[in-house]
Amino acid sequence: MQGLQWQVGPHNDFMPPNASSSLGNDDQAFWGMAALAAAEYNFPDPLPSQPSWLSLAQAVFNEQIGRWDTVFCNGGIRWQIYEITGWDLKNSISNGCLFNIASRLARYTGDDHYAQWAVKIWDWMWAIGLIDANYNVYDNAEADRQNCSIVDKTQWCYNAATMLMGASTMWNYVCPPLSPDSRITLLI
């Protein structure tokens, strides 16, 4: 509980001042996903004077969709929050974490707004080639000079894992649970 709260920051958004010189969208999202896991698993909420785990995850989501950039690459968020090394990249881990948070918030809250964003993020990653027809998840594309026209096809397991978690969560959100009888029918 103390570790999660230490990273909260003055605006209840996992943007602590001690990280402002190097904070990436992926870094902020990792804390948001941890807070969301705390909410999903009914981890005790902090004191009433502190934000809930759910509100922290929602704050990360809201801030990151506010960074959705259509000037370059027709969408996506950048790797970095600030204009530092890596600012020019739109990458799978930052967008994949936002997809993951959106899908999990949709399932947790039942609010379709989050699901619509999850679909938008997935479709954008597919459109620029960060996800290919074989569901390979590639690392990044340069935004400012190449407008995401060339994809760095380096693959990292955490990129694919983040997308897999989000996709399976979306499946759970859009498909109602099967009854025991219907499961038997599917197996036959």
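Above this note sits the structure.
Here the structure is a predicted model, which is why all the values come from computation and not from measurement.

Caption draft 1: Structural context of the sheet that holds strand S1 (residues 89–91). Spatially, the three strands line up as an open sheet ordered S1-S2-S3, and their pairing is antiparallel. Edge positions in the open sheet fall to S1 and strand S3 (151–152), since each of these has one partner strand only.

Caption draft 2: Summary view of the state of the cysteines. According to the stated counting rule, one finds one disulfide in the structure shown. A disulfide bridge connects cysteine 73 with cysteine 148, and the sulfur atoms are separated by 2.0 Å. On the sign convention where negative means left-handed, the S-S torsion of about 80° between cysteine 73 and cysteine 148 marks this disulfide as right-handed. Remark: cysteine 148 occurs in the loop between strand S2 (140–142) and S3 and cysteine 73 occurs in the loop between helix H3 (53–65) and S1; sequence separation between them is 75 residues. Relative accessible area serves as the criterion here: at 4%, cysteine 148 is assigned to the buried category. Note on cysteine 97: no disulfide assigned, nearest cysteine sulfur contributed by cysteine 157 at a separation of 13 Å. Among the residues examined, cysteine 97 registers a relative accessible area of 0% and is labelled buried.

Caption draft 3: Main features of helix H2 (residues 25–40). With 16 residues, H2 should reach 22 Å at 1.5 Å per residue; the first-to-last C-alpha distance of 22 Å fits that figure. When H2 is considered as a whole, its buried residues turn out to be Asn25, Asp26, Gln28, Ala29, Gly32, Met33, Ala35, Leu36, Ala38 and Ala39. If you follow the buried residues of H2, they end up packed against helix H1 (2–6), H3 and helix H4 (92–109). Where H2 ends, the next residue or the one after it, asparagine 42, has phi of about 55°, a positive value.

Caption draft 4: Molecular detail of the packing of aromatic side chains. Here the structure, examined in full by the defined rule, presents nine aromatic pairs. Considering the side-chain rings of phenylalanine 43 and tryptophan 53, the 6.0 Å spacing of their centres and the 40° angle between planes classify their relative orientation as tilted. Linking phenylalanine 43 in the loop between H2 and H3 with tryptophan 53 in helix H3, this pair joins segments that are ten residues apart in sequence. Judged by its relative accessible area of 38%, phenylalanine 43 is partly exposed. Classification of tryptophan 53 as buried rests on a relative accessible area of 0%. Aromatic ring contacts, followed pair by pair, group Phe61, Trp68, Tyr114, Trp117 and Trp124 into a single cluster. Directly above the ring of tryptophan 87 sits arginine 78, whose terminal nitrogen or CZ lies 4.4 Å from the centroid. Taking the ring centre of tryptophan 117 as reference, the NZ or CZ of lysine 120 above it sits at 4.2 Å.

Caption draft 5: Fine view of a nonpolar patch on the surface. Together, Phe30, Trp156 and Tyr158 line one region of the surface with nonpolar side chains, adding up to about 310 Å² of accessible area. Positionally, phenylalanine 30 belongs in helix H2. According to the relative accessible area criterion, phenylalanine 30 is partly exposed, its value standing at 33%.

Caption draft 6: Seen up close, the packing of H2 against H3. At a minimum axis separation of 7 Å, H2 and H3 run at an interaxial angle of 150°. Classified by the angle between their axes, H2 and H3 sit roughly antiparallel to one another. Helix-helix and strand crossings are classified by hand; for H2 and H3 the assignment is left-handed. Contact residues: Asn25, Gln28, Ala29, Gly32, Ala35, Leu36, Ala38 and Ala39 in H2; Trp53, Leu54, Leu56, Ala57, Val60, Glu63 and Gln64 in H3. The residue inventory of the contact of H2 with H3, partitioned by class, reads ten nonpolar, four polar and one charged.

Caption draft 7: Helix H6 (residues 157–174), seen in detail. Across its 18 residues, H6 extends 26 Å between first and last C-alpha, which sits within 8% of the 26 Å expected from 1.5 Å per residue. Among all positions in H6, only Asn159, Thr162, Met163, Gly166, Thr169 and Met170 are buried. Angularly, the buried residues of H6 cover 125° about the axis, an arc narrow enough to put them on a single face. Exposed and oriented more than 90 degrees from the buried face of H6 are Cys157, Leu164 and Trp171. Residues of H6 that are buried sit in contact with H4 and helix H5 (112–128).

The rules behind the values
- Residues numbered from 1 in each chain as written.
- Predicted model: local features only at pLDDT ≥ 70, side-chain atom pairs only at ≥ 80, totals over all residues.
- Heavy atoms only, no water.
- Pairing = 2+ DSSP bridges.
- Helix = DSSP H or I, 4+ residues; strand = E, 2+ residues; numbered from the N terminus.
- Disulfide = S-S within 2.5 Å.
- Buried < 20%, exposed > 50% of the residue type's maximum accessible area, 1.4 Å probe, protein only.
- Expected span 1.5 Å × (residues − 1).
- Contact = heavy atoms within 4.5 Å.
- Phe/Tyr/Trp six-rings, centres within 6.5 Å; stacked < 30°, edge-to-face > 60°.
- Lys NZ or Arg CZ within 6 Å of the ring centre and 35° of its normal.
- Patch = residues over 30% accessible without salt bridge, like charges linked within 9 Å, V, L, I, M, F, W, Y side chains within 5 Å.
- Areas by Shrake-Rupley, 256 points an atom, 1.4 Å probe, with all protein chains shown as cover.
- Salt bridge = Lys/Arg side-chain N within 4 Å of Asp/Glu carboxyl O.
- Axes fitted to C-alpha atoms, helices over the stretch in contact; angles between N-to-C directions.
- Parallel < 35°, antiparallel > 145°, perpendicular 65-115°, else oblique.
- Left-handed = near helix turned anticlockwise from the far one by under 90°.
- Nonpolar A, V, L, I, M, F, W, Y, C, P; charged D, E, K, R; others polar.
- Arc of directions from axis to C-beta.

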